[in-house]
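# Per-entry structural report
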Amino acid sequence: MSEEAKVDYYAMVEEAWKVSDAAREYVKNEGREVPNQEILEKIFLPSGMVDVEKTQKESGNPPKVFFKSPYGLYYRPEHKDWIPFRHGPVNV
């Protein structure tokens, strides 16, 4: 794999972390328990990264948000936060 491809995957995971951080910051600024649907509507969807169709079909419980990249975010109820996960293949 070329160095460029490695950077691309790294950048994708970094972008997922940025969206995760934005969700955490939103909840902190609201100063209340924020429903996951609100986070989806206010943070995740406006990012332009969400694969809406896959998320609607496969979200599950606890919820997952699938990005158009091989990454996404899943909700950790015990921590009340969203963290990146890989859901698609990565060519190594």
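Structural notes, computed from the coordinates. Computed from a predicted structure; not experimentally measured.

A few words on the sheet that holds strand S1 (residues 64-66). The strand order across the open sheet built from three strands is S1-S2-S3, with neighbouring strands paired in antiparallel fashion. With partners counted over all chains shown, the strands left at the sheet margins are S1 and strand S3 (81-86), one partner each. Between one strand axis and the next, the sheet turns by 25° as a mean value, whatever way the strands run. For S1 and strand S2 (residues 71-76), the ladder comprises three bridges, and the chain directions are antiparallel. Within the sheet, the bridge partner assigned to Val 65 lies in S2 and is Leu 73. Along the sheet, helix H2 (residues 36-44) makes contact with S1, S2 and S3, crossing S3 at roughly 65°.

Our focus in this paragraph is the nonpolar core. Phe 44, Phe 67 and Trp 82 are the most contacted members of the largest nonpolar core, which totals 16 residues. Every element with two or more residues in this core is listed here: helix H1 (3-30), H2 and S2. Apart from residues lying up to four places away in sequence, Phe 44 is in contact with Val 19, Ala 23, Ile 39, Val 50, Val 65, Leu 73 and Trp 82.

Calculation rules
- Residues numbered from 1 in each chain as written.
- Predicted model: local features only at pLDDT ≥ 70, side-chain atom pairs only at ≥ 80, totals over all residues.
- Heavy atoms only, no water.
- Pairing = 2+ DSSP bridges.
- Helix = DSSP H or I, 4+ residues; strand = E, 2+ residues; numbered from the N terminus.
- Axes fitted to C-alpha atoms, helices over the stretch in contact; angles between N-to-C directions.
- Contact = heavy atoms within 4.5 Å.
- Core = buried A, V, L, I, M, F, W, Y, C linked by side-chain atoms within 4.5 Å.
- Buried < 20%, exposed > 50% of the residue type's maximum accessible area, 1.4 Å probe, protein only.

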